[in-house]
Amino acid sequence: MNNEIYDVIILGAGPAGLAAGIYASRAKLSTLIINEGAVGGQLTLTEEIANYPGVETTSGYQLVTTMKKQAQEFGCKIKSNRTITRFQLEGAVKSITVNDTETFQGRTVILATGGTPRMLGIPGEQEFKGRGVSYCATCDGDFFNGKEIVVVGGGNSALEEAVTLTKHASKVTIVHQFDQFQAFEYAIEEAKANPKIEFIMESELRAIVGADTVEKIEIEHLPTGNKSELKTDGIFVFIGYVPNTEKVKDVVMVNERGEILVDPEMKTNTPGVFGAGDSIQKRYRQVTTAVADGTIAALSASAYLRQ
């Protein structure tokens, strides 16, 4: 066991976790971020960010790099690519064990574990994952230069990434289950104005078909039940995220979707444990809201430690 007892341990190094790390360490609290993957979370998968206040258009990777540097310069320690295997979040001192070999102790814990892309759950999806089925335009868009692809979803991410994918694909077809998009007007207007984008509304994918790679999809028009096929070289799925709370759902209160329940100060029902970012119950999920959550959680942790 590591003998140091940190003031704050943050689980997750996305924008919420990094913001919490910046604020906690700048407040002279000994701070440790533990992350199960690479630093940045879903933000690193975003090719272009144009609405982060005070920052000109940048990539998610660049924004993450800057946040990480800020946190470390204030003294925050970051341990990435660690698997959390055990933890104890009750009592005055909490403990987190990673890889079954290292245990870290902290007086407060901030859960900023983010989410993973929601899957369609249809035949062919698992089979063709990485062979035509993707959840990341930044990662895989370049594989579809000059090809025709399908984007599934109707929120901001789906429409914005569809526009991004037109830089590579010759044609992008957006398939959405409703008759209207659940996105901001600017995203809708930009997608509709792009000559490479077409729309199939009130429809859902029923199967993904191919041999070595994706060749076509089966679509059902929901109002009529009519089914059709569409040839395509690839499918990009943007239908939201599932919160990464499986390991903590029995320790802190979560809702029916597995999202951590917090109050306005980001407090969970467990004293000294806070939540932030895409893992908590909230309506809007943007980089700015994640950063705000992380800021509030760090300030609340600081206030808790002063009690």
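Parameters and conventions
- Residues numbered from 1 in each chain as written.
- Predicted model: local features only at pLDDT ≥ 70, side-chain atom pairs only at ≥ 80, totals over all residues.
- Heavy atoms only, no water.
- Helix = DSSP H or I, 4+ residues; strand = E, 2+ residues; numbered from the N terminus.
- Rg over C-alpha atoms; globule rule 2.2 N^0.38 Å.
- Buried < 20%, exposed > 50% of the residue type's maximum accessible area, 1.4 Å probe, protein only.
- Contact = heavy atoms within 4.5 Å.
- Areas by Shrake-Rupley, 256 points an atom, 1.4 Å probe, with all protein chains shown as cover.
- Lys, Arg positive; Asp, Glu negative; His and termini not counted.
- Charge placed at Lys NZ, Arg CZ, Asp CG, Glu CD.
- Axes fitted to C-alpha atoms, helices over the stretch in contact; angles between N-to-C directions.
- Parallel < 35°, antiparallel > 145°, perpendicular 65-115°, else oblique.
- Left-handed = near helix turned anticlockwise from the far one by under 90°.
- Nonpolar A, V, L, I, M, F, W, Y, C, P; charged D, E, K, R; others polar.
- Phe/Tyr/Trp six-rings, centres within 6.5 Å; stacked < 30°, edge-to-face > 60°.
- Core = buried A, V, L, I, M, F, W, Y, C linked by side-chain atoms within 4.5 Å.
- Pairing = 2+ DSSP bridges.
- 1 Å grid on protein atoms, 1.4 Å probe; cavity = no way out; pocket = protein on both sides within 12 Å on 5 of 7 lines; lining within 4 Å.
- Points joined across faces, edges and corners; volume = space filled by probe spheres on them.

### Section: the overall build of the protein
Part 1 of the argument: Along the backbone of the protein there are 6 helices and 17 strands.
Part 2 of the argument: Here the protein has a C-alpha radius of gyration of 21 Å; the compact-globule value for 307 residues is 19 Å, and the two agree.
Part 3 of the argument: Judged by the C-alpha coordinates and their principal axes, the protein covers about 60 × 40 × 35 Å.
Part 4 of the argument: By residue count, 46% of the 307 residues in the protein fall in the buried class.
Part 5 of the argument: Long-range pairs, those at least 24 residues apart, make up 59% of the contacts in the protein between residues at least 6 apart in sequence.
Part 6 of the argument: Accessible surface, the protein as shown: approximately 15000 Å² in total, 49% of it carbon and sulfur.
Part 7 of the argument: The average position of the 30 basic charges and that of the 38 acidic charges among the side chains of the protein differ by 6 Å.

### Overview of the packing of helix 1 (residues 15–26) against helix 2 (residues 60–73)
Part 1 of the argument: One can describe the packing of helix 1 onto helix 2 by two numbers: an axis separation of 8 Å at closest approach and a directional angle of 25°. On the basis of their axis angle, the class for helix 1 and helix 2 is roughly parallel. Remark: the crossing between helix 1 and helix 2 carries left-handed chirality. Contacts between helix 1 and helix 2 involve Pro 15, Leu 18, Gly 21, Ile 22 and Ser 25 on the former and, on the latter, Val 64, Met 67, Lys 68, Gln 70 and Ala 71.
Part 2 of the argument: For the contact of helix 1 with helix 2, a count of residues per class yields 6 nonpolar, 3 polar and 1 charged.

### With respect to the packing of aromatic side chains
Part 1 of the argument: What the rule picks out here adds up to 5 aromatic pairs.
Part 2 of the argument: Look at Phe 184 and Tyr 186: their rings are 6.2 Å apart centre to centre, the planes differ by 25°, and that puts the pair in the stacked class.
Part 3 of the argument: One aromatic cluster is present, formed by Phe 144, Phe 236 and Phe 238 through successive ring pairs.

### Some words on the nonpolar core
Within soluble globular proteins, side chains that are nonpolar generally end up buried alongside one another.
Part 1 of the argument: Formed by 49 residues in total, the largest nonpolar core has its most connected members in Ile 9, Leu 11, Leu 18, Ile 34, Ile 96, Ile 110 and Leu 111.
Part 2 of the argument: Looking at this core, the elements with two or more residues in it are strand 1 (5–11), helix 1, strand 2 (31–34), helix 2, strand 5 (94–98), strand 6 (102–111), strand 17 (273–275) and helix 6 (287–306).
Part 3 of the argument: The residues touching Ile 34, leaving out its near neighbours within four places in the chain, are Ile 9, Ile 10, Leu 11, Gly 12, Lys 79, Arg 82, Ile 84, Ile 96, Val 98 and Phe 104.
Part 4 of the argument: Listed in part, the 20 residues of the second largest apolar core include Val 163, Leu 165, Ala 169 and Phe 238.

### Side note on the sheet that holds strand 9 (residues 148–152)
Part 1 of the argument: In spatial order, the strands read 8-15-9-10-11; together these 5 strands make up an open sheet with parallel pairing. Only two strands of the sheet have a single neighbouring strand rather than two, namely strand 8 (133–134) and strand 11 (197–200).
Part 2 of the argument: Taken together, the 4 bridges between strand 9 and strand 15 (residues 234–237) define a ladder with parallel strand orientation. The residue bridging Val 151 from the neighbouring strand is Phe 236, located in strand 15.
Part 3 of the argument: In this fold helix 4 (residues 156–165) packs onto strand 9, strand 10 (171–175), strand 11 and strand 15, with an angle of close to 165° to the strand it touches most, strand 9.

### Overview of the layout of surface pockets
Part 1 of the argument: Roughly 200 Å³ of internal volume is contained in the second largest pocket.
Part 2 of the argument: In terms of lining, the second largest pocket is formed by Gly 130, Arg 131, Gly 132, Val 133, Ser 134, Asp 140, Phe 143, Phe 144, Lys 147, Thr 213, Val 214 and Asp 233.
Part 3 of the argument: Looking at the lining of the second largest pocket, its residues break down into 4 nonpolar, 4 polar and 4 charged.

### What about unusual backbone geometry?
Part 1 of the argument: We note that Asn 81 has phi near 55°; this positive angle belongs to a residue other than glycine.
Part 2 of the argument: Locating Asn 81 in the fold gives a position in the loop between strand 3 (77–79) and strand 4 (84–88).
Part 3 of the argument: Although it is not a glycine, Met 266 sits at a positive phi angle of roughly 70°.
Part 4 of the argument: In this structure, Met 266 sits in the loop between strand 16 (241–243) and strand 17.
Part 5 of the argument: The exposure class of Met 266 is buried, given its relative accessible area of 8%.

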